[in-house]
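# Commentary on secondary and tertiary structure
Read off the chains here:
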Amino acid sequence: MAIQWFPGHMHLTKKAISERIKEIDVVIELLDARLPGSSANPMLAELTEGKPALKVLNKQDLADPTRTPLWLDYYNSQPGTRAIGLDASMSTPAKALIEACHVLAPTRGSMVKPMRVLICGIPNVGKSTLINTLTGKRATKTGDEAGVTKIEQRIVLADGFYLFDTPGMLWPRIIVAKSGYNLAASGAIGRNAFNEEEVALELLDYLIPNYPALLKARYKVELPAGTTDEQLLEEIGRKRGAVLSKGRINLQKAAEIVIYEFRQSTLGRITLETPTEFQSWMEAGQKLDAERQVKKDDIELKRLIKLKKVPRPAKVDRRGE
Ligand code: G4P
């Protein structure tokens, strides 16, 4: 899926993180609990030089409560990593965050050796909301205006515990196609950068086998075996009165309804990926990406040969064989 955003902004954020990272003890990555794998920044480990990591599965109130523990176990089993679930209804999230950071960096957290924590996450993951709750005030979003990418001054969470905010950041290339769709469905990507119908169809394609009861209850539809995403989107459009002249279904309107109701969780508490699924998507994405790279390298080599910038590969003489 073609998704466009502002790589310039991202480069500045990367630079700001690289400059700050040496003085950081723990990196908190806020993930969307409905799509933990897809909302995780693949560049972050490299950018943060493998610092201890706290994965916060945020908006867990919207996610499937049977799947969040799978993701927590998955992250908690990784070296140097802890994971907790959070949502905006928690009035005192600081306690859980501070405790988890102390487990990750036990020697830090005193006035002499303060705990210095960097907080990162994709746009719309709920970072400003969390920081507002932590600080008890209405803070402005970091980097909301174009070009504002410097890491904010420290926020004092407790004695000897400092938090540094970063602007919400996406990465330049999403190699897992499904992740692009899940990010778009969640609201992380601006609506001008994707096709709603395509995103709604992908969403329904996943929901039909994984959450059929929620679909039936919300849209009052039957889902006989073999129902396709296209058929279901049409049916939803019909049921909701998204009908054009001559009875044609307004698929754009139907798609908007599906995406909106997923985001608001009026459809129910849904998680769009399990750790096992995400790993298999990632493997397939990496394989495809490697094949694409080989093709690209081949085209580039042919171009350079044409420009006589590199010698033509020697032909093998097989006449004597
Ligand atoms: P960001 O800084 O990471 O970009 O995200 P921000 O805090 O602005 O939150 C993005 C949206 O997600 C907001 O909704 C916010 O209310 C909502 N949100 C944040 N945390 C949670 C949570 O734990 N659970 C749920 N259900 N929602 C959460 P909005 O519709 O964009 O704005 P508004 O309605 O709050 O004005």
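Note that the structure is predicted; figures quoted are calculated from it, not measured.

### Description of the overall build of the protein
- Counting secondary structure elements, the protein contains eleven helices and six strands.
- In terms of its C-alpha atoms, the protein occupies a principal-axis envelope of roughly 70 × 70 × 40 Å.
- For the protein, the proportion of its 321 residues judged to be buried stands at 46%.
- In the protein, the proportion of contacts linking residues at least 24 apart, taken out of those at least 6 apart, comes to 73%.
- Carbon and sulfur atoms make up 54% of the accessible area of the protein, which totals about 17500 Å².
- Side-chain charges in the protein split into 47 positive and 39 negative, and the spacing between the mean points of these groups amounts to 4 Å.

### Some remarks on the pattern of salt bridges
- If you walk through the whole model with that rule in mind, you get 21 salt bridges.
- Measuring nitrogen to oxygen at the nearest pair gives 3.3 Å for the salt bridge that ties Lys178 to Glu202. Highlighted residues: Lys178 in helix H6 (residues 177–186) and Glu202 in helix H7 (residues 196–210), separated in sequence by 24 residues.
- Sharing partners across several salt bridges, the network here consists of Asp25, Arg108 and Arg116.

### A look at the nonpolar core
- Counting 87 residues, the largest nonpolar core has Ile28, Leu54, Leu97, Leu163, Leu207 and Leu215 as the members making the most contacts within it.
- Ranked by the residues each element gives to this core, the list is headed by H7, at eight residues.
- When residues are assigned to domains, this core turns out to be shared by domain 1 (8–165) and domain 2 (195–263), each giving three or more.

### Things to note about the pairing of strand S4 (residues 115–121)
- Of all seven residues in S4, six are buried; the element is thus mostly enclosed.
- Pairing analysis gives five bridges linking S4 to strand S6 (residues 161–165), with the strands arranged parallel. Bridge pairing in S6 places Ile119 opposite Asp165.

### Notes on the state of the cysteines
- The full count for this structure, using the stated rule, is zero disulfides.
- Between Cys101, a free cysteine, and Cys120, which holds the nearest cysteine sulfur, the sulfur-to-sulfur gap is 12 Å.

### What to know about the layout of surface pockets
- Its volume calculated, the second largest pocket comes out at about 700 Å³.
- Sorting the residues of the lining of the second largest pocket by element identifies strand S1 (26–32), helix H2 (44–47), strand S2 (53–58), helix H3 (68–76) and helix H11 (275–306) as the ones contributing at least two each.
- Partitioning the lining of the second largest pocket into residue classes produces 16 nonpolar, eleven polar and five charged.

### Considering the sheet that holds strand S5 (residues 155–158)
- On the basis of which strands lie adjacent, the open sheet formed by six strands has the order S3-S2-S1-S4-S6-S5 and mixed pairing. Because the sheet does not close on itself, it has two edges, and the strands there are strand S3 (81–85) and S5. The sheet shows a mean angle of 25 degrees between the axes of neighbouring strands, taken without regard to direction.
- The pairing of S1 with S4 spans five bridges and is classified as parallel. Across the sheet, Val27 pairs through a bridge with Leu118, a residue of S4.
- Here helix H4 (residues 93–104) sits on the sheet and contacts S1, S2, S3, S4, S5 and S6; the angle it forms with S3, its principal contact strand, is near 170 degrees.

### Let's talk about the domain arrangement of the protein
- On domain assignment, one finds that the protein holds domain 1 (8–165) and domain 2 (195–263).
- Taking only C-alpha atoms into account, the centre of domain 1 sits 35 Å from that of domain 2.
- Listed by partner, the interface residues are four residues for domain 1 and five residues for domain 2.
- Here domain 1 and domain 2 share an interface that buries about 370 Å² over both sides, 37% of which is from carbon and sulfur atoms.
- On the domain 1 side of the contact with domain 2, Arg34, Asp64 and Arg67 bury the most area, a combined 87% of that side's loss.
- Our enumeration of links across domain 1 and domain 2 arrives at zero salt bridges.
- Taken together, the residues of the side of domain 1 that touches domain 2 break down into one nonpolar, no polar and three charged.

### A look at the side chain of Glu261
- Mapping Glu261 onto the fold places it in helix H10 (residues 251–263).
- According to the relative accessible area criterion, Glu261 is buried, its value standing at 7%.

### Examining the pairing of S5
- In this sheet, S6 lies alongside S5 in antiparallel orientation, the contact comprising three bridges. Paired with Ala158 across the two strands is Phe161, which belongs to S6.
- The loop that links S5 with its antiparallel partner S6 comprises two residues; one of these, Gly160, has a positive phi angle of about 70 degrees.

Thresholds, definitions, all that
Residues numbered from 1 in each chain as written. Predicted model: local features only at pLDDT ≥ 70, side-chain atom pairs only at ≥ 80, totals over all residues. Heavy atoms only, no water. Helix = DSSP H or I, 4+ residues; strand = E, 2+ residues; numbered from the N terminus. Buried < 20%, exposed > 50% of the residue type's maximum accessible area, 1.4 Å probe, protein only. Contact = heavy atoms within 4.5 Å. Areas by Shrake-Rupley, 256 points an atom, 1.4 Å probe, with all protein chains shown as cover. Lys, Arg positive; Asp, Glu negative; His and termini not counted. Charge placed at Lys NZ, Arg CZ, Asp CG, Glu CD. Salt bridge = Lys/Arg side-chain N within 4 Å of Asp/Glu carboxyl O. Core = buried A, V, L, I, M, F, W, Y, C linked by side-chain atoms within 4.5 Å. Domains from an automatic or database assignment. Pairing = 2+ DSSP bridges. Disulfide = S-S within 2.5 Å. 1 Å grid on protein atoms, 1.4 Å probe; cavity = no way out; pocket = protein on both sides within 12 Å on 5 of 7 lines; lining within 4 Å. Points joined across faces, edges and corners; volume = space filled by probe spheres on them. Nonpolar A, V, L, I, M, F, W, Y, C, P; charged D, E, K, R; others polar. Axes fitted to C-alpha atoms, helices over the stretch in contact; angles between N-to-C directions. Buried area = accessible area lost by both parts, 1.4 Å probe.

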